[in-house]
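# A structural walkthrough
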Amino acid sequence: MLAHGLRVTVSDPQPDVESRVRRALPLIAPALRALGLPVEDLDARLSFEPDLARAVADADVVQENGPERLDFKRQLFAAVEEAAPAGALLLSSTSGLRATDICQDMRRPGRLLVGHPFNPPHLVPLVEVVPGQLTDESVVTEAVAFYRALGKRPQVIHKEVPGFVANRLQSALFREAVHLVAEGVVTEAELDDVVTSSIGLRWAVAGPFRTFHLGGGPGGLTDFLEHFGRNMEAGWAGLGHPRFDEATVRLLSRQAERDFGGRPYQELEAERDRGQIAVLRALGRTPADHGSAH
């Protein structure tokens, strides 16, 4: 938001929040620059206000990133609603709670919806926009326009399901990944290589449905399902149901330390960011490709 020229006020009860944010800005600036965004004087429009009411008093948008607790979010948005301007967009970054439940203590629940970014949020374009049962349609339209102006790719989710969409897909794949590693079929490093050398590479360009549509040849997804659907369905019954018991956690942790622990976290993070930026550039999905809203 700072890189797009917006004024940002951070409100957080942690006493060291200002020093933590200011230390983080130089670390993410190279990635923002690589995306084609201006990073000079990022903190020129940044301020900190521990008092919540004062922090949101002049806000056009409130993006909440608090703990994943329903009681906390209900209380917070009831307070935000009282202090923020009547037309302010109220967004929660919850990764699984329903806007319908969060807004229960609000006088105007139609103002609230979920705006769930995907980590790392300064790089990954997706934002899941999830309206509640009481959310005004105009608020959904406004939220989509806001995120698009930031170079994001907002996707409206039409039904409030736990975990929304991206996390459910991620969790489903990770469940089978844990099963395969726990059963000794592959190691963690080998499984990661399988994913990044096949479906990860494929899905970055075309998602599962388009991929299988192309896999069906000229007959598309219909032909694919006719030829392979029954066998695929039969295989679903054999997918794993692992548990994070003590033995499994110990195995996963030991392999992670062996395969990834030899390199500093910051080095792995920078390598990931460079790769993700390269993919975004190849797909034409950086903010620079779509213009920047300042």
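The sections below set out a description of the structure shown in this document.

### Brief notes about the environment of S47
Position of S47 among the secondary structure elements: in strand β2 (residues 46-48). Separated by 29 residues in sequence, S47 and E18 place their C-alpha atoms 8.6 Å apart. When neighbours within four sequence positions are excluded, S47 is seen to be in contact with V8, T9 and V10.

### Quick look at the pattern of salt bridges
The tally for this structure, following the rule as stated, stands at 15 salt bridges. R98 serves as the salt-bridge partner of D101, at 3.0 Å between the closest nitrogen and oxygen. Owing to a relative accessible area of 28%, R98 belongs among the partly exposed residues under this scheme. For E271, the salt bridge goes to R263, with nearest N and O atoms at 3.0 Å. Salt bridges sharing common partners tie together E18, R22 and D43.

### Side note on the sheet that holds strand β6 (residues 126-131)
Read from one edge to the other, the open sheet built from 5 strands follows the order β3-β4-β5-β6-β7, with strand pairing classed as mixed. The open sheet is flanked by β3 (61-64) and β7 (153-156), the only strands paired with a single partner. Within this sheet the neighbouring strands show an average axis-to-axis angle of 30°, counted without direction. The sheet strands contacting helix α5 (residues 137-149) are β3, β4 (89-92), β5 (112-117), β6 and β7, and the helix crosses β4 at an angle near 75°.

### What about the pairing of β6?
Of all 6 residues making up β6, 5 are buried, and the element is well covered by its neighbours. Relative to β6, β5 runs antiparallel, the two sharing 5 bridges. Within the sheet, the bridge partner assigned to P117 lies in β6 and is V127. Bridge analysis of β6 against β7 gives 4 bridges, and the strand direction is parallel. Its bridge partner lying in β7, L126 is registered against R153. The β-α-β motif built from β6, the intervening α5 and the parallel element β7 has right-handed crossover chirality.

### Remarks on a positive patch on the surface
A surface patch of positive charge is lined by R148, R153, R210 and R285. With respect to the element layout, R148 can be found in helix α5. With relative accessibility at 57%, the residue R148 sits in the exposed group.

### Section: the nonpolar core
Of all hydrophobic cores here, the largest spans 13 residues; its most connected members are V62, F77, V80, A84, L90, M106 and L112. Looking at this core element by element, the count peaks at 3 residues for helix α3 (residues 70-83). Among all residues touching L112, those that are not within four sequence positions of it are F77, L90, A99, I102, C103, M106 and T135.

### Description of the packing of helix α6 (residues 166-182) against helix α11 (residues 246-260)
Across the interface, α6 lies against α11 with an axial gap of 10 Å and an inter-helix angle of 90°. Relative to α11, α6 is oriented roughly perpendicular. In contact with V178, V181 and A182 of α6, α11 contributes T248, L251, L252 and Q255. Tallied by class, residues from the contact of α6 with α11 come to 5 nonpolar, 2 polar and no charged.

### Things to note about the packing of aromatic side chains
Evaluated as defined, the whole model comprises 4 aromatic pairs. Aromatic pair F212 and F224: ring centres 4.4 Å apart, planes at 15°, arrangement stacked. Here F224 lies in helix α10 (residues 220-236) and F212 lies in helix α9 (residues 208-215), a separation of 12 residues in the sequence. You can call F224 buried: its relative accessible area is 8%. An aromatic cluster of at least three residues, connected via ring pairs, comprises F212, F224 and F228.

What counts, and where the lines are drawn
Residues numbered from 1 in each chain as written. Predicted model: local features only at pLDDT ≥ 70, side-chain atom pairs only at ≥ 80, totals over all residues. Heavy atoms only, no water. Helix = DSSP H or I, 4+ residues; strand = E, 2+ residues; numbered from the N terminus. Contact = heavy atoms within 4.5 Å. Salt bridge = Lys/Arg side-chain N within 4 Å of Asp/Glu carboxyl O. Buried < 20%, exposed > 50% of the residue type's maximum accessible area, 1.4 Å probe, protein only. Pairing = 2+ DSSP bridges. Axes fitted to C-alpha atoms, helices over the stretch in contact; angles between N-to-C directions. Right-handed = clockwise from strand over helix to strand, strands pointing away. Patch = residues over 30% accessible without salt bridge, like charges linked within 9 Å, V, L, I, M, F, W, Y side chains within 5 Å. Areas by Shrake-Rupley, 256 points an atom, 1.4 Å probe, with all protein chains shown as cover. Lys, Arg positive; Asp, Glu negative; His and termini not counted. Charge placed at Lys NZ, Arg CZ, Asp CG, Glu CD. Core = buried A, V, L, I, M, F, W, Y, C linked by side-chain atoms within 4.5 Å. Parallel < 35°, antiparallel > 145°, perpendicular 65-115°, else oblique. Nonpolar A, V, L, I, M, F, W, Y, C, P; charged D, E, K, R; others polar. Phe/Tyr/Trp six-rings, centres within 6.5 Å; stacked < 30°, edge-to-face > 60°.

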